[in-house]
Amino acid sequence: MDSLLKHMVDMTGHRDHTMLDISVISAVQELACASRARVLTLADVCGHLYVRSRAVVMAGQPARMEEQQDLTSPGEPIANYPVLAGCIARHEAFAEQVDAGGTRTLWLPIWLGDHDTADTCLEIVNPTPYSPATIHVIGGIVSVYRNFQNLLDYSERDSLTGLLNRKTFDDQLAKMLLASSIEQDALALPPGEPERRQHTEQEQQWLAVIDVDHFKHVNDRFGHLYGDEVLILIANLLTSSFRAQDRVFRFGGEEFVVLLRSTTQDNAHKIIDRFRMNVEQHDFPQVGKVTVSIGFVAISASEAPVVILGRADQALYFAKGHGRNMTCHYDELVGSGLLHAVESNDTAEFF
């Protein structure tokens, strides 16, 4: 009972989806004595459902967020999980599978509303049967997780696209800057000590600003209903194109922002431009083809948020003014002389 209460306090003490995921799989893994527990993302891409792991905990190891290895794929087709696919299709509360070796896998979709949609599912793998008491306790944890996730979504997410909203961005960027600052302090060397190269020295955090090209033309020609559908489909492509540890926001109108965590410049450019190409290749109902322009910049813990966002905006405006449907890196533009650095007033209020 003490362990259960501890996990409940831990889960409800977070105001962050990542930490909430870590807490819930840690709780169900310990209480079920499971060999593995995962939080799965269920992503609908062009009418097809895909499964992607976003957090995992193994017995005896700490829980962690998972890195997406194949950046070109939204995940595994749900057809690879036929028992889970049937559970989703029938809108059931849970499904269990026993393989030939006796290992049991329990799936618990996190249903939103009246079992209309589920974009998250818990997966628990155990070599021994689950007792009715264990399933009852896990069901209670799932209910708390679902309710708290819904509360976070209500305050943090955009009502049209389901992406994180603008007011959440400030807090997320502040956390990223703080983490970068702490990491830099940890790597700082005492005076006179020789430099020690770290294998992560090329890793960096990135901010990308995305704008839908000619979106006013879409609204004027096809109407706001189709304009909203374009925004929803682009939000779906954002979710499937970026990794579980990245954060995607709708800033308002046709503008989106992405925070990319711990990746090199080459990988960041590849990840961001992959999304641009996914949009370019997508057929939007009635509207046809739509493109986006993107500007991105490295995040420095020594810079104010308004400076970082301003530089990404400068790269975005360069892309918009030089043909659109482009991904532009601020430092590359400045280094090649195509863009002149403009100092921002870093004492201004961010919004």
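- The protein goes by diguanylate cyclase in an unreviewed UniProt entry, where it is assigned to Pseudoduganella dura.
- According to the UniProt record, the Catalytic activity (unreviewed entry) comment for the protein reads "2 GTP = 3',3'-c-di-GMP + 2 diphosphate".

Remarks on the packing of aromatic side chains
Step number 1: The full count for this structure, using the stated rule, is 5 aromatic pairs.
Step number 2: Between Phe169 and Phe249 the ring centres are 5.3 Å apart and the planes differ by 90°, which places this aromatic pair in the edge-to-face class. One end of the pair, Phe169, is in helix α5 (residues 166–187); the other, Phe249, is in strand β9 (residues 247–252), with 80 residues separating them in the sequence. Across the pair, exposure class does not vary: Phe169 and Phe249 are buried alike.
Step number 3: Its guanidinium or amino end placed over the ring of Phe251, Arg166 lies 4.7 Å from that ring's centre, counting from NZ or CZ.

Describing the environment of Ser336
Step number 1: Along the chain, Ser336 turns up in the segment after α10 (330–335).
Step number 2: Polar side-chain contacts of Ser336 include one of 2.9 Å to the backbone oxygen of Glu332.
Step number 3: Engagement of the side chain of Ser336 in a polar contact is seen with the backbone oxygen of Leu333, the distance being 3.2 Å.

What to know about the layout of surface pockets
Rolled over the atoms, a probe with the dimensions of a water molecule shows which regions are left empty.
Step number 1: In this structure, the largest pocket spans a volume of roughly 1200 Å³.
Step number 2: Every residue lining the largest pocket is counted, 46 residues in all, and those nearest its centre are Thr41, Asp119, Arg157, Gly162 and Thr239.
Step number 3: Looking at the lining of the largest pocket, the elements that each hand over two or more residues are α2 (17–32), β1 (36–45), β2 (48–58), β6 (104–112), β7 (117–126), α4 (132–156), α7 (224–241) and β9.
Step number 4: Looking at the lining of the largest pocket residue by residue, the class counts come to 18 nonpolar, 14 polar and 14 charged.
Step number 5: In terms of domain composition, the lining of the largest pocket takes at least three residues from each of domain 1 (1–155) and domain 2 (166–186 + 201–336).

Quick notes on the side chain of Asn325
Step number 1: The residue Asn325 is located in the loop between α9 (305–321) and β12 (327–329) in this model.
Step number 2: A distance of 3.1 Å separates a polar atom in the side chain of Asn325 from a polar atom in the side chain of Glu280.
Step number 3: Not counting the four nearest positions on each side in its chain, Asn325 is found in contact with Asp213, Arg276, Glu280, Thr291, Val292 and Ser293.

Points about the pairing of strand β11 (residues 292–299)
Step number 1: Here β11 lies mainly inside the structure; 7 of its 8 residues are buried.
Step number 2: In the sheet, β11 pairs with β12 via 3 bridges, with the strands oriented parallel. Bridge pairing in β12 places Ile294 opposite Thr327.
Step number 3: Between the parallel pair β11 and β12, the chain is carried across by α9, and the sense of this crossover is left-handed.

Quick notes on the environment of Asp246
Step number 1: Positionally, Asp246 belongs in the loop between α7 and β9.
Step number 2: For Asp246, a relative accessible area of 5% gives the class buried.
Step number 3: For the pair formed by Asp246 and Trp206, sequence separation is 40 residues and the distance between their alpha carbons is 9.7 Å.
Step number 4: Ignoring sequence-local partners within four residues, the contact set of Asp246 consists of Leu259, Leu260 and Arg261.

Brief notes about the nonpolar core
Within soluble globular proteins, side chains that are nonpolar tend to cluster in buried spots.
Step number 1: Formed by 30 residues in total, the largest nonpolar core has its most connected members in Ile234, Leu238, Phe242 and Phe275.
Step number 2: If we ignore the near neighbours within four places in the chain, the residues touching Leu238 are Leu163, Ile210, Val248, Phe256, Val258 and Phe275.
Step number 3: Phe169, Leu173, Leu177 and Phe251 belong to the second-largest nonpolar core, a separate cluster that totals 24 residues.

Comments concerning the confidence of the model for the protein
Step number 1: Within the protein, residue pLDDT values average 84, and 83% of them lie at 70 or more.
Step number 2: pLDDT under 50 marks residues 195–201. Its contacts with residues more than four places away, or in other chains, come to 4 contacts.
Step number 3: Note that pLDDT drops below 50 for residues 346–351; the model gives that stretch 12 contacts with residues more than four away or on any other chain.

Points about unusual backbone geometry
Step number 1: Despite not being glycine, His91 shows a phi value in the positive range, around 55°.
Step number 2: In this structure, His91 sits in the loop between α3 (82–89) and β5 (95–98).
Step number 3: Judged by its relative accessible area of 33%, His91 is partly exposed.

Rules used throughout
Residues numbered from 1 in each chain as written. Predicted model: local features only at pLDDT ≥ 70, side-chain atom pairs only at ≥ 80, totals over all residues. Heavy atoms only, no water. UniProt positions renumbered as here; feature names shortened; annotations may be inferred. Phe/Tyr/Trp six-rings, centres within 6.5 Å; stacked < 30°, edge-to-face > 60°. Helix = DSSP H or I, 4+ residues; strand = E, 2+ residues; numbered from the N terminus. Buried < 20%, exposed > 50% of the residue type's maximum accessible area, 1.4 Å probe, protein only. Lys NZ or Arg CZ within 6 Å of the ring centre and 35° of its normal. Polar contact = N/O pair within 3.5 Å; in protein donor to acceptor, adjacent residues only side chain to side chain. 1 Å grid on protein atoms, 1.4 Å probe; cavity = no way out; pocket = protein on both sides within 12 Å on 5 of 7 lines; lining within 4 Å. Points joined across faces, edges and corners; volume = space filled by probe spheres on them. Nonpolar A, V, L, I, M, F, W, Y, C, P; charged D, E, K, R; others polar. Domains from an automatic or database assignment. Contact = heavy atoms within 4.5 Å. Pairing = 2+ DSSP bridges. Right-handed = clockwise from strand over helix to strand, strands pointing away. Core = buried A, V, L, I, M, F, W, Y, C linked by side-chain atoms within 4.5 Å. pLDDT = per-residue confidence, 0-100.

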